[in-house]
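In case you want the letters, here they are:
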Amino acid sequence: MKYISTRGNALAKTFTEILLGGLAPDGGLYLPEEYPQVTRAELDAWRKLSYADLAFAVLSKFADDIPANDLKRIVNKTYTPAVYCNTRTGSDARDITPLRTLEPGLHILELSNGPTLAFKDMAMQLLGNLFEYALGRQRDELNILGATSGDTGSSAEYAMRGKRGIRVFMLSPLGKMSRFQTAQMFSLQDPNIFNIAIRGVFDNAQDIVKAVSNDHTFKAKHKIGTVNSINWARVSAQIVYYFKGYFAATKSNDEQVAFSVPSGNFGNICAGHIARMMGLPIGQLILATNENDVLDEFFRTGVYRPRSSDHTYHTSSPSMDISKASNFERFIFDLAGRDAARVREFWSRVDAGGAFDIKGTPYWDEVPHFRFVSGKSCHADRIKTIRELWEEYGVMIDTHTADGLKVGLEQRRPSLPLICLETAQPAKFEETIREALGREPERPAAMEGIENLPQRVVVMVADVHAVKDFITQHAAG
Ligand SMILES: *Cc1c(COP(=O)(O)O)cnc(C)c1O
């Protein structure tokens with residue numbers, strides 16, 4: 001299988017060739033030349049598989065340049081009940097992504113039982129093992145540099161901790177993350193993980209990462225890489241749980257389902273789109289946003305208008321506070337019949353700070369064929385949904401999952417079973433849970449008292465040179 005760029009001006013590459021990189025050299029995103037098709041016989045056989053075996057079956061279609069035995073070993077090491085152990089009462093860690101049925105036809109797919117209690121662990125844990133494997137084969141090393149305001153950074157650190165040949169330099173705004181998130185990251189004592197707290201806000205940290213990445217000499221010399229959500233391996237790992245959730249919620253492969261997905265960068269739901277393109281019977285892909293509703297606006301009006309960071313609201317579902325959906329280009333490439341010239345034209349406007357509008361083009365009429373619908377949710381909706389779920393079903397959900405449920409229930413077709421993806425656990429968002437329920441969120445046993453563990457962090461001013469000096473002193477390679 002070869003991967004091509006959505007902008008059409010890059011050489012086709014293999015899975016391992018694009019594994020460690022980010023954007024294609026022409027500025028586009030990689031996608032398979034063609035989506036592998038899953039036959040009915042395969043679907044029937046896959047229904048019985050464990051998560052790890054299913055992951056192997058799905059990923060074999062994409063990572064066909066990794067020898068099967070190696071891929072099998074990597075997948076078996078990743079998808080274990082010991083890694084996804086943070087289940088709450090009533091669900092079984094052996095399922096990896098347990099399906100919680102609220103009532104017939106209404107389910108929550110738990111994707112947040114990994115080490116950082118967010119769905120990003122589903123893909124990031126695999127990425128850590130794939131990176132270690134690929135670097136080991138090439139006898140190479142990598143220094144991962146990133147900026148985080150919470151979820152992505154901790155997920156990356158927990159995926160890369162203790163991995164040979166990899167060091168992580170993670171910048172975060174000093175004092176701006178929740179106590180729980182701070183404790184999760186800073187309590188890691190692994191010598192290959194470097195937490196750097198920047199005096200400033202998230203954008204200061206982000207700007208430093210951009211400045212370092214734009215210094216191509218420094219970047220090449222110190223083997224700097226990233227693990228952002230456009231990474232193809234992350235998207236492909238996420239495809240697996242759409243299959244798993246489908247099998248868990250249905251009895252036969254003749255049935256269709258709806259998935260509701262709390263969205264920000266369009267990474268999670270992009271995997272759902274690809275699962276459907278491969279032949280999984282998905283009748284609806286319901287995209288939910290919070291007040292940052294750029295994607296909802298597109299599916300309602302045909303206009304994609306990213307906003308600047310000054311026009312991005314801070315909400316109580318902070319991991320969706322995104323106004324430029326980095327994976328969206330993958331969907332538009334498919335929507336536009338894989339016409340890279342059109343994608344280039346659309347993104348020349350986006351990259352110049354503008355917008356594009358597909359209403360009135362034939363592409364707009366194609367949207368329903370891709371089964372997407374959308375809606376948005378606000379703080380009051382989240383509070384109400386968290387409360388209702390707790391009162392009606394005794395189930396506690398986090399703020400992002402609440403956005404998904406609210407929009408899912410609003411947009412679902414009654415004939416389809418609805419699977420709402422749980423993207424984080426309530427323990428990460430204590431303040432809002434207290435506001436909604438007047439009580440503390442449930443916390444997995446392993447997370448009790450993490451705020452009291454010793455913390456390992458260096459504090460720096462928001463200065464590119466200081467960060468570069470630190471990397472130079474501590475980088476691998
Ligand atoms: C990252 C994240 C999202 C958004 O996922 P995308 O792939 O960016 O659309 C939603 N919820 C939580 C809890 C997250 O961490």
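For every chain, the first residue of the written sequence is number 1, and numbering continues from 1 onward in sequence order. For a predicted model such as this one, the threshold for reporting local features is a pLDDT of at least 70, and the threshold for listing and counting side-chain atom pairs is 80 or more; totals across whole chains, interfaces and linings nevertheless cover every residue. Excluding hydrogens and water, the side-chain values take into account all heavy atoms of the structure.

What follows deals with the site of the ligand. Here a residue counts as near a molecule or strand whenever at least one of its heavy atoms sits within 4 Å of it. Taken together, the neighbourhood of the ligand is formed by 15 residues, with Lys120, Asp151, Gly264, Asn265 and Asn268 sitting nearest. A distance of 3.2 Å separates an oxygen atom of the ligand from a polar atom in the backbone of glycine 267. In this description, accessible areas are obtained by the Shrake-Rupley approach with a 1.4 Å probe, and a residue is regarded as covered only by the protein chains that are shown. Within the complex, the protein chains bury 97% of what would otherwise be the 380 Å² of accessible surface of the ligand. Counted as a polar contact is a pair of N or O atoms within 3.5 Å, where, for protein atoms, one must be capable of donating a hydrogen and the other of accepting one, and residues adjacent in sequence contribute only when both atoms are in side chains.

The next thing to look at is the environment of isoleucine 358. Helix and strand assignments follow DSSP, with helices taken as H or I runs no shorter than four residues and strands as E runs no shorter than two, numbered in order from the N terminus. Relative to the helices and strands, isoleucine 358 resides in the loop between strand 12 (356-357) and helix 15 (362-366). Expressed as a C-alpha distance, the spacing of isoleucine 358 and phenylalanine 346, which sit twelve residues apart in the sequence, is 9.5 Å. Any two residues whose heavy atoms approach within 4.5 Å are treated as being in contact. Once residues within four sequence positions are removed from consideration, isoleucine 358 is found in contact with Phe298, Gly302, Leu335, Phe346, Tyr363, Trp364 and Val367.

What follows is about the packing of aromatic side chains. Within 6.5 Å between ring centres, the rings of Phe, Tyr and Trp (the latter by its six-membered ring) count as paired, and their orientation is classed by plane angle as stacked under 30 degrees, edge-to-face over 60, tilted in between. Inspection of the entire model under this criterion finds 29 aromatic pairs. Geometrically, the ring pair formed by phenylalanine 169 and phenylalanine 194 is stacked, given 4.8 Å between the ring centres and 5° between the ring planes. Within this pair, whereas phenylalanine 169 is found in strand 6 (residues 166-173), its partner phenylalanine 194 is found in strand 7 (residues 193-199), the two being separated by 25 residues in sequence. Accessibility here uses a 1.4 Å probe with only protein chains present; expressed as a share of the type maximum, an area under 20% marks a residue as buried, one over 50% as exposed, and anything in between as partly exposed. Residue classification places phenylalanine 169 among the buried residues on the basis of a relative accessible area of 0%. Here phenylalanine 299 and phenylalanine 372 contribute two aromatic rings whose centre-to-centre distance is 4.9 Å and whose plane-to-plane angle is 5°, an arrangement assigned as stacked. Placement of phenylalanine 299 in helix 12 (residues 294-301) and of phenylalanine 372 in strand 13 (residues 372-376) is noted, with a sequence separation of 73 residues between them.

Below, the discussion takes up the side chain of glutamine 181. The residue glutamine 181 is located in helix 7 (residues 179-186) in this model. By relative accessible area, which is 8% here, glutamine 181 ends up buried. With near-sequence residues (within four places) excluded, glutamine 181 lies in contact with Ser149, Gly150, Asp151 and Lys428.

This part takes up the environment of proline 115. Take proline 115: it is sitting in the loop between strand 4 (106-110) and helix 5 (120-138). Distance in space between the C-alpha atoms of proline 115 and asparagine 86 is 7.2 Å, their sequence separation being 29 residues. Filtering out sequence-adjacent residues up to four positions away, proline 115 remains in contact with Val83, Asn86, Asp121, Gln125, Tyr158, Gln184 and Met447.

Take the pattern of salt bridges next. The term salt bridge refers to a side-chain nitrogen of Lys or Arg lying within 4 Å of a carboxyl oxygen of Asp or Glu. Scanning the entire structure with this criterion turns up 30 salt bridges. In this structure, arginine 443 and glutamate 451 form a salt bridge, with 2.7 Å as the shortest nitrogen-oxygen distance. Comparing arginine 443 with glutamate 451 shows no difference in burial state: the two are buried. Through salt bridges with shared partners, a single ionic network connects Glu430, Arg434, Glu440, Arg443 and Glu451.

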